[in-house]
Amino acid sequence: MPTNPPADEVDRIVDEWARARPDLDTAPLAVFSRISRLARHLESARRAAFTASGLEGWEFDVLSALRRDGEQSASPSALMHQTLVTSGTMTTRIDKLVTRGLVRRSPDPQDRRSVLITLEPAGVDLVDAAMERLLDAERTLLSSLPAADRTDLAMRLRDLLLPFEPSAG
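Residues numbered from 1 in each chain as written. Predicted model: local features only at pLDDT ≥ 70, side-chain atom pairs only at ≥ 80, totals over all residues. Heavy atoms only, no water.

- An unreviewed UniProt entry lists the chain under the name MarR family transcriptional regulator, with Brachybacterium phenoliresistens given as the organism.

This is the structure we're talking about:
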């Protein structure tokens, strides 16, 4: 005879709402409250991984966008779109990364009116270390799930996320 899994805080909240408002379908709450709570744990793990590597979260975002690019260079506009910030915010972030010696600005050989932002070796070292720490932390967060369940969860979360993503075309 199968046993019930242990209850979590979300089970308590859903049960209380079911008693307070039995007319409501609380099924979405059971899903999204767990996603929200997991997001808080993930954010804490990310912050710790980045801090241990000497980076802020926004610095990791910019450096990792450059690192993933085979050329390790991009225009400020491309970085702005990848990191979902405004032009003014991106300019400020690039200035700070240049000051830290993590990236450099150089003229774009294809367009004299533009510049390219390129990773410096120190930026590569920091973002690589942060990525390794992040993946270790994320593996720990997923450790209670078997590999097949992780794959299934990733696919199901993708299905939930796709309607909110910009068109890939």
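Now that the structure has been shown, the text picks up again.
Remarks on the packing of helix H2 (residues 27-52) against helix H6 (residues 121-142)
No. 1: Following both chains from N to C, one finds H2 and H6 inclined at 150°, their axes separated by 8 Å at the closest point. In terms of orientation, H2 lies roughly antiparallel with respect to H6. H6 is crossed by H2, and the crossing has right-handed handedness. Across the interface between the two elements, His41, Leu42, Ala45, Arg46, Ala49, Phe50 and Ala52 from H2 touch Ala130, Arg133, Leu134, Ala137, Glu138 and Leu141 from H6.
No. 2: Here the contact of H2 with H6 is built from residues that sort into 9 nonpolar, 1 polar and 3 charged. (Axes fitted to C-alpha atoms, helices over the stretch in contact; angles between N-to-C directions. Helix = DSSP H or I, 4+ residues; strand = E, 2+ residues; numbered from the N terminus. Parallel < 35°, antiparallel > 145°, perpendicular 65-115°, else oblique. Left-handed = near helix turned anticlockwise from the far one by under 90°. Contact = heavy atoms within 4.5 Å. Nonpolar A, V, L, I, M, F, W, Y, C, P; charged D, E, K, R; others polar.)

Quick notes on the UniProt feature "domain: HTH marR-type" (unreviewed entry) in the chain
No. 1: When the UniProt feature table is mapped onto this chain numbering, "domain: HTH marR-type" (unreviewed entry) sits at residues 28-162.
No. 2: Measuring from the first to the last C-alpha atom of residues 28-162 gives 18 Å, for a span that is 70% helix and 13% strand. (UniProt positions renumbered as here; feature names shortened; annotations may be inferred.)

Focus: the side chain of Asp108
No. 1: Secondary-structure assignment places Asp108 in strand E2 (residues 103-108).
No. 2: Despite being buried, Asp108 has no salt bridge partner; Arg113 is the closest side chain of opposite charge, sitting 9.0 Å away.
No. 3: Ignoring sequence-local partners within four residues, the contact set of Asp108 consists of Ser114, Val115 and Leu116. (Buried < 20%, exposed > 50% of the residue type's maximum accessible area, 1.4 Å probe, protein only. Lys, Arg positive; Asp, Glu negative; His and termini not counted. Salt bridge = Lys/Arg side-chain N within 4 Å of Asp/Glu carboxyl O.)

Observations regarding the packing of aromatic side chains
No. 1: Summed over the entire model, instances satisfying the criterion amount to 1 aromatic pair.
No. 2: Ring centres 4.3 Å apart and planes at 20° place the aromatic pair Phe50 and Phe60 in the stacked group. Taken together, the residues span a long stretch of sequence, with Phe50 in helix H2 and Phe60 in helix H3 (residues 57-68) at a distance of 10 residues. The burial state of Phe50 is the same as that of Phe60; both residues are buried. (Phe/Tyr/Trp six-rings, centres within 6.5 Å; stacked < 30°, edge-to-face > 60°.)

Comments concerning the sheet that holds E2
Sheet strands associate in pairs through backbone hydrogen bonding, adopting either a parallel or an antiparallel arrangement.
No. 1: Overall, antiparallel pairing links the 3 strands, which are arranged E1-E3-E2 in an open sheet. The outermost strands of the open sheet, each flanked by one partner alone, are strand E1 (73-74) and E2.
No. 2: The pairing of E1 with strand E3 (residues 111-119) spans 2 bridges and is antiparallel. Across the sheet, Ser73 pairs through a bridge with Thr118, a residue of E3.
No. 3: Where H3 meets the sheet, its contacts fall on E1, E2 and E3, and the angle it forms with E3 comes to roughly 100°. (Pairing = 2+ DSSP bridges.)

Points about the environment of Asp8
No. 1: Position of Asp8 relative to the elements: it lies in the segment before helix H1 (9-20).
No. 2: Measuring from C-alpha to C-alpha, the distance between Asp8 and Thr151 comes to 23 Å, with 143 residues separating the pair along the chain.
No. 3: A polar contact is formed between the side chain of Asp8 and the backbone nitrogen of Val10, at a distance of 3.1 Å.
No. 4: At 2.8 Å, the side chain of Asp8 forms a polar contact with the side chain of Arg34. (Polar contact = N/O pair within 3.5 Å; in protein donor to acceptor, adjacent residues only side chain to side chain.)

Regarding helix H5 (residues 87-99)
No. 1: The end-to-end C-alpha distance of H5, which contains 13 residues, comes to 18 Å, matching closely the 18 Å that a straight helix rising 1.5 Å per residue would cover.
No. 2: For H5, the complete set of buried residues consists of Met90, Arg93, Ile94 and Leu97. In an axial view of H5, the angular spread of the buried residues amounts to 100°, which keeps them on one side of the axis.
No. 3: Buried positions along H5 lie against H3, helix H4 (76-83), E2 and E3.
No. 4: Downstream of H5 by one or two residues, Gly101 has phi in the positive range, about 75°. (Expected span 1.5 Å × (residues − 1). Arc of directions from axis to C-beta.)

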